[in-house]
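Okay, here's what each chain looks like letter by letter:
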Amino acid sequence: MTRKRVLSGIQATADSTHLGNYLGAVRHWVSFQDEHDAFYCIADLHTLTVETDPAVLRRRTLATAAQLLASGIDPDKCTFFLQSHVAQHNQLGWVMECMAGFGEASRMTQFKDKSQKSGSDRTVVGLFTYPMLMAADILLYQADLVPVGEDQRQHLEITRDLAERFNSRYGKTFQIPDGHIVKSGAKIYDLQNPTAKMSKSSSSVAGIVEIMDSPEVNAKKIKSAVTDTGREVKFDEKEKPGISNLLMIHSTLSGKSIETIEKDFEGKGYGDFKTEVAEVVVEFLRPVRQRALELLEDEASLLAILHDGAAKARIVADHTLQATYKNLGLVQ
Ligand code: TYM
């Protein structure tokens, strides 16, 4: 039986990935590599939608690669590469831009939010066409499954729409991908603002648990997380968003059910609970950070892994691109 194809990606917009990235996406990437034919990319071209100093972009890209490997991504089990190393992403991206309607692209909430924040003069066209490049990332590999957090749901929907539109106009060319969005961990919230998602671009430093922060810093952030004025450790996203977020983080990392954790803290206060959440997070992150720092010391090996991955990815990507061009009537 052929293995199902999985594809996912992450931007390199910060020196550190965060707990939301891990719980919403990367932990699923790791578990898919054993039984699936998995492709994982660092979407460094998407990262260009935010102006970044070249030295910083380079550093962040390699740091992100090291953190993913340290989190368990294994290049012997999956194909791990940089988006910019596989030119077919841009080539299919253009085709997707020609499939997408201006109206449907304008309805993308991430585009609306980000462009509203920076104003139209400072919003680059790449932010508008971002979902079409993301569609190309997915469709090039004929992915069956795309493990992502909740915030990428709409981008997956447009990917499916574009693939269906192309297939019905030009004949079956693309696999229609399904999202893999697991409720537990799909949306981790900002520790200081527990109704907004934990985010590289918009969370305050105190609101985000970074993989590369020291254990002391992360423990302090969790202990200072904003909660409500009550005392009961109970999952209630409306009344207790801060406590619910911490319960979700604990449960997803420790594997204990939310009910069990609630029971463990019956009659105890928020202080004891936060101390335990901090321990769970810190003990989980400690070896990941250590391994990422070690990997970063050997840049040549890191680059070799990424180049090997790109060579494997290009073969699959080019196969799809050629079929797409042929079906479109572009002269071969
Ligand atoms: P990015 O880089 O913002 O995030 C990477 C992954 O982390 C998930 N995530 C979260 N999950 C739970 N809670 C959070 N607070 C949280 N914040 C982020 C995201 O949902 C994502 O799965 N456009 C994508 C990158 C991309 C991609 C792709 C993804 C480019 N091409 C192809 C899948 C397939 C992005 O900006 O993710």
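What you see is a predicted model, and the numbers here were worked out from it, not measured in a lab.

What counts and what doesn't
Residues numbered from 1 in each chain as written. Predicted model: local features only at pLDDT ≥ 70, side-chain atom pairs only at ≥ 80, totals over all residues. Heavy atoms only, no water. Core = buried A, V, L, I, M, F, W, Y, C linked by side-chain atoms within 4.5 Å. Buried < 20%, exposed > 50% of the residue type's maximum accessible area, 1.4 Å probe, protein only. Helix = DSSP H or I, 4+ residues; strand = E, 2+ residues; numbered from the N terminus. Contact = heavy atoms within 4.5 Å. Near = heavy atom within 4 Å. Polar contact = N/O pair within 3.5 Å; in protein donor to acceptor, adjacent residues only side chain to side chain. Areas by Shrake-Rupley, 256 points an atom, 1.4 Å probe, with all protein chains shown as cover. Nonpolar A, V, L, I, M, F, W, Y, C, P; charged D, E, K, R; others polar.

Novice: Tell me about the nonpolar core, and please be specific about residues and values.
Specialist: In this structure, Leu 19, Tyr 40, Phe 80, Phe 273 and Val 281 are the most contacted members of the largest nonpolar core, which totals 57 residues. Here this core gets eleven residues from one element, more than from any other, and that element is helix H12 (residues 270-296). With sequence-adjacent residues up to four places away left out, Leu 19 is seen in contact with Met 198, Val 209, Ile 249, Leu 253, Val 281 and Leu 285. Ranked by size, the runner-up nonpolar core spans 39 residues in total, among them Ala 135, Leu 156, Leu 162 and Ala 317.

Novice: Give me the lowdown on the environment of Pro 177, citing residues and values where you can.
Specialist: For Pro 177, the position within the fold is in the loop between helix H8 (153-170) and strand E5 (178-180). Taking relative accessible area as the criterion, Pro 177 reaches 0% and is therefore assigned buried. Residues Pro 177 and Glu 210 lie 33 residues apart in sequence; the distance between their C-alpha atoms is 30 Å. When sequence neighbours within four positions are dropped, the list of residues in contact with Pro 177 reads Ile 138, Leu 139, Ala 143, Asp 144, Val 146, Thr 159 and Arg 160.

Novice: Before we move on, can you summarise unusual backbone geometry with the specific residues and values?
Specialist: The residue Gln 142 is not glycine, and still its phi comes out positive at about 55°. Considering the arrangement of structural elements, one finds Gln 142 in the loop between helix H7 (125-139) and strand E4 (145-147). Given the relative accessible area of 23%, Gln 142 is considered partly exposed.

Novice: Explain the site of the ligand to me, using residue names and the numbers behind them.
Specialist: Contacts to the ligand come from 28 residues, most closely from Tyr 130, Asp 137, Gly 149, Asp 151 and Ile 188. Within the side chain of Lys 200, an N or O atom sits 3.3 Å from an oxygen atom of the ligand. For the ligand, the accessible surface in isolation is 710 Å², of which the surrounding protein chains cover 96%. Every element with two or more residues in the shell around the ligand is listed here: strand E1 (5-10), helix H1 (19-35) and H7. Classifying every residue of the shell around the ligand gives twelve nonpolar, eleven polar and five charged.

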